[in-house]
Amino acid sequence: FVCAFGTQLAARLRRHLVVALTARPRRDTHTHTNTHTHTQMAHAYTVPAAGDISKAGDGKSLLEHIVADVKALLAAKNCGPILIRLSWHDAGVFSNGSLKGGCPNAVMRFTDSGEGTFEANAGLTDVAIGLLKPIADKYVTAGVISNADLWALAANVAIEFMGGPHVVTRFGRPDAKDSGESVESQVGRLPDGDKGVSHLREVFAPKGFDDRDIVALSGGHTVGGCKQQRSGFDGLWTEAPLVFDNSYFTDLLEKTYRPETVEATGCPQHRSDKGTIMLISDLALLEDAAFKSVVEEFAADQSRFFADFVSAWTRLQENGVGDLLRDELAPPK
């Protein structure tokens, strides 16, 4: 995934610049709920009553309850893409290069400073976290799961709910206690949508990712889209933005994209005759021979894309906390 803003564009557009993985109508019977409605209704959503969580059973039973509630949220709100983006931005700040530290710790919950105020996280601190609030109130408050684990789990449930691969979630990510546990800046940690090949490698290599991983993670753009109110960019990556498949890669190879500038923001992007878009960072995958060969492989073989995506995505979610994680969700004590 890339953050759809550049350093100079961010300075110009201020708080509004970030890729919004937004839910739009998919080609099925789910009811469409747009991001604006999400903002209005996030706190109105209620999960099924849990009764006494402490009597819900072992960790496996508790996990089944949480997954069921997340699936109910996804069915009601069509919000899978923004939940994936929440986990990506929580974990994606990790770096082990010239920049050090960062980990998935749900520090975006705090908006006085730090990651909760990053331009890259516009829409996450209110919409995404708001959507998960009823589930967090039910399980995090009871000590069943941390916010950071819930964000990772919700993203993984969303991926599979939208037709993507099953992703195993491990547990034990501690929640930040305040905004002081944020990294210093988004710059150099989250990739920019208006930059190309070298930038992608510069940002992803310190996270432990090679070229194949970069292409696999970019395939997350098979769902969601950009909203100019946040990112300065505007449009959907694919024609079925709530279906997790390999259409991002087939679109890259089969569609013709023409450069354009978003009139309201001045941001450069590319649009196909079908109305879908690609950012500069997306089309960069065709400019480099090593990247392009993987794009071609994933376009031809969805199962290969799924396998490589799961491998890279799991490592992304566990960067900086791997030694703390366990396979099972522990019941509250």
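Reading the values: rules and limits
Residues numbered from 1 in each chain as written. Predicted model: local features only at pLDDT ≥ 70, side-chain atom pairs only at ≥ 80, totals over all residues. Heavy atoms only, no water. Pairing = 2+ DSSP bridges. Helix = DSSP H or I, 4+ residues; strand = E, 2+ residues; numbered from the N terminus. Buried < 20%, exposed > 50% of the residue type's maximum accessible area, 1.4 Å probe, protein only. Contact = heavy atoms within 4.5 Å. Polar contact = N/O pair within 3.5 Å; in protein donor to acceptor, adjacent residues only side chain to side chain. Core = buried A, V, L, I, M, F, W, Y, C linked by side-chain atoms within 4.5 Å. Phe/Tyr/Trp six-rings, centres within 6.5 Å; stacked < 30°, edge-to-face > 60°.

Caption draft 1: Just the sheet that holds strand β5 (residues 257–261), in detail. What the 3 strands build is an open sheet, ordered β5-β6-β7; its pairing is antiparallel. One side of each edge strand has no neighbouring strand; the edge strands of this open sheet are β5 and β7 (277–278). One ladder, built from 5 bridges, connects β5 with strand β6 (residues 268–272); its direction is antiparallel. Bridge pairing in β6 links Arg 258 to Arg 271.

Caption draft 2: Molecular detail of helix α8 (residues 211–218). Burial analysis of α8 places 6 of its 8 residues in the buried class, the great majority of the element. When α8 is considered as a whole, its buried residues turn out to be Asp 213, Ile 214, Val 215, Ala 216, Leu 217 and Ser 218. Elements in contact with the buried residues of α8: α7 (197–204), α9 (247–254), α10 (280–287), α11 (289–300) and α12 (302–318). Measuring from the side-chain oxygen of the N-cap residue of α8 to the backbone nitrogen of Arg 212 gives 3.2 Å; that N-cap residue is Asp 210.

Caption draft 3: The nonpolar core, seen in detail. One finds Ile 66, Ile 145 and Trp 313 to be the most contacted residues of the largest nonpolar core, which totals 81 residues. Those residues in contact with Ile 145, other than ones at most four positions away along the chain, are Ile 66, Tyr 139, Val 140, Leu 150, Leu 153, Phe 171 and Leu 329.

Caption draft 4: How the structure looks around unusual backbone geometry. For Asn 78, which is not glycine, the phi dihedral falls at a positive 50°. Mapped onto the fold, Asn 78 is located in the loop between α3 (59–77) and α4 (80–91). Phi is positive for Ala 106, close to 55°, though the residue is something other than glycine. Following the sequence through the fold, Ala 106 ends up in the loop between β2 (100–101) and α5 (124–139).

Caption draft 5: Seen up close, the side chain of Asn 246. Within the secondary structure layout, Asn 246 lies in the loop between β4 (235–236) and α9. Setting aside residues no more than four positions away along its own chain, Asn 246 makes contact with Phe 298, Ala 299, Asp 301, Gln 302 and Phe 305.

Caption draft 6: Seen up close, the environment of Phe 233. Here Phe 233 is to be found in the loop between β3 (225–226) and β4. Taking the C-alpha atoms as reference, Phe 233 lies 9.8 Å from Asp 194; in sequence the two are 39 residues apart.

Caption draft 7: Quick peek at the packing of aromatic side chains. Per the stated rule, a full pass over the model turns up 12 aromatic pairs. The interplanar angle of 15° and the centroid separation of 5.7 Å between the aromatic rings of Phe 309 and Trp 313 together place this pair among those described as stacked. One end of the pair is Phe 309 and the other is Trp 313, both in helix α12 and 4 residues apart, which spans about a single turn. There is no split in this pair, since Phe 309 and Trp 313 are both buried. Taken together through their ring pairs, the aromatic side chains of Phe 244, Tyr 248, Phe 249, Phe 298, Phe 305, Phe 306, Phe 309 and Trp 313 make up a single cluster.

By themselves, these figures tell us nothing about what the structure is for.
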